[in-house]
Amino acid sequence: FNHKKDKVCVMTNTKLFLLLGTSLSFLPQLTYAQCVSPIQDCYALGYTQTSCPNGKGVKCPFGNGWYCGGTAAQDCIKLGYDKDCTGAGESGNGETCNGKYQSCTCDSTYQYTCSGTGYSGGSGTSCGGKYTSCTCTSGYEWKDGTCQIIDNCLSNCSIGCLYYSDNSCASYLINSKILLGVVIYEKSLSEDGWIMTISPIAKGIAWDTGQSYKTGITGTSPDVSCSNTAALVAKGSRFEAANKAYNYNAGGRTWCLPSYDLLKNLTNSTNFTNVNNGIKSAGGILLGYGGQPSYSYENVWSSSEASDTITTVFYADINGGNSMGPSPYKYNNWDLLTIRPVTAF
């Protein structure tokens, strides 16, 4: 070991150790000894890096050069700096090593995985497995950041559509909204549309608890449903079915017993099927099962009187054969007699 004022040397037969402070640093690549003068160039001695990533490597005893054990590209890759981050929407995270990054970040517009029901894949290029928008399968459309069922009910509250308190319609249940019922009669320029509850609000209720009393309330058109009901309520509590419907409270609306013609609209097999499909999508009780689940039919009270002893009902048969007809006696309260109120829109 020789020590002079301006040189530092440590000699072995095959390897060179550089004295750094009070410790020795092992430099395995060199097989010869050097005496390094402070005035010499670190770069010429092989210390080509201004620094090694994460402090790895051997620093030149003078100056700012480092020996990193290989080429810059090789050392950076070993340390995980292997990403260009030049793809669509990409930017690099943190420091670079030889112009590359350890990880990349995607632009915030790349947020959709485009997987699940209704999705056929991503639209355009991806970043980190995500896309700026998605493509949808048949029957679905890209809307508000999701693939949604193409819903004709959104533009037209047709028979069988579900009707919500914000006066919108959909073909499926929207839990974030207040459901009022299912459309049973379409709105036109000359007529209101009508909604029915998705389940009976009561069963086993008599139309009139008295006997042989003719009210004269015989209106049948859809638009008299509520005036019929109000007239029955005005006659007293004995008219239980009308009072039950009138006192139903949902959405701040007036609810009524449906008129003869309003219920007759459901004898059409297409209308009946569409309404029951809507009821099913909302988790209600299908027309025909409202009285007793063990039966496939029910009788829905109307507000249209037929005589002093009977009124009219909708005979709803889940297997078909739906019809309008005279009720059992007004005072009957069988379980198969149900109340399904309606309201206009």
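Conventions and cut-offs
- Residues numbered from 1 in each chain as written.
- Predicted model: local features only at pLDDT ≥ 70, side-chain atom pairs only at ≥ 80, totals over all residues.
- Heavy atoms only, no water.
- Helix = DSSP H or I, 4+ residues; strand = E, 2+ residues; numbered from the N terminus.
- Pairing = 2+ DSSP bridges.
- Disulfide = S-S within 2.5 Å.
- Buried < 20%, exposed > 50% of the residue type's maximum accessible area, 1.4 Å probe, protein only.
- Phe/Tyr/Trp six-rings, centres within 6.5 Å; stacked < 30°, edge-to-face > 60°.

Student: For this particular structure, what's the right way to read unusual backbone geometry?
Tutor: Excluding glycine, most residues fall at negative phi; most peptide bonds, likewise, are trans. Phi at asparagine 98 takes a positive value of approximately 55°, unusual for a residue other than glycine. Checked against the element boundaries, asparagine 98 lands in the loop between strand 7 (90-92) and strand 8 (104-106). Of note in the backbone geometry, serine 212 takes a positive phi value of approximately 50° without being a glycine. Locating serine 212 in the fold gives a position in the loop between strand 17 (202-203) and helix 2 (225-234).

Student: Is there a simple way to explain the pairing of strand 12 (residues 146-149) in this structure?
Tutor: Two faces, one strand: in a regular strand the side chains alternate between the faces of the sheet. Judged from the 4 bridges that link them, strand 11 (residues 140-143) and strand 12 form a sheet pairing that is antiparallel. In the sheet register, tyrosine 140 faces strand 12, and the bridge partner there is isoleucine 149. Taken together, strand 11 and the strand that follows it, strand 12, pair antiparallel across an intervening segment of 2 residues, in which aspartate 144 is found at a positive phi of about 55°.

Student: Can you walk me through the state of the cysteines in this structure?
Tutor: Defined simply, a disulfide is a covalent bond joining two cysteines at their sulfur atoms. If you walk through the whole model with that rule in mind, you get 7 disulfides. Two residues, cysteine 114 and cysteine 134, share a disulfide whose sulfurs are 2.0 Å apart. On the sign convention where negative is left-handed, the bridge of cysteine 114 and cysteine 134, at about -80° about the S-S bond, is left-handed. Of this pair, cysteine 114 sits in the loop between strand 8 and strand 9 (119-122) while cysteine 134 sits in strand 10 (residues 134-136), placing them 20 residues apart in sequence. Of the two residues, cysteine 114 and cysteine 134, both sit in the buried class. For cysteine 226, the disulfide goes to cysteine 256, at an S-S distance of 1.8 Å. Between cysteine 226 and cysteine 256, the S-S torsion sits near 80°, and that sign places the bridge as right-handed. Pair noted here: cysteine 226 is in helix 2 and cysteine 256 is in the loop between helix 3 (240-246) and helix 4 (260-264), with a separation of 30 residues, a long-range link. By relative accessible area, cysteine 226 is classed as partly exposed at 23%.

Student: When you look at the packing of aromatic side chains in this model, what are you seeing that I'm missing?
Tutor: Two measures describe an aromatic ring pair: the distance that separates the ring centres and the angle between the ring planes. With the rule as written, the count across this model stands at 9 aromatic pairs. Ring geometry for tyrosine 163 against phenylalanine 345: centres 4.7 Å apart, planes inclined by 40°, an arrangement best described as tilted. Here tyrosine 163 is found in strand 13 (residues 162-164), whereas its partner phenylalanine 345 is found in the segment after strand 22 (342-344), with 182 residues between them in sequence. Comparing tyrosine 163 with phenylalanine 345, the two get one shared label, buried. Ring centres of tyrosine 213 and phenylalanine 239 lie 6.1 Å apart, and the angle between their planes is 50°; on these two criteria the pair is classed as tilted. Residue tyrosine 213 is located in the loop between strand 17 and helix 2, and its partner phenylalanine 239 is located in the loop between helix 2 and helix 3; the two are separated by 26 residues in the primary sequence.

Function cannot be read off these values alone, since they describe shape.
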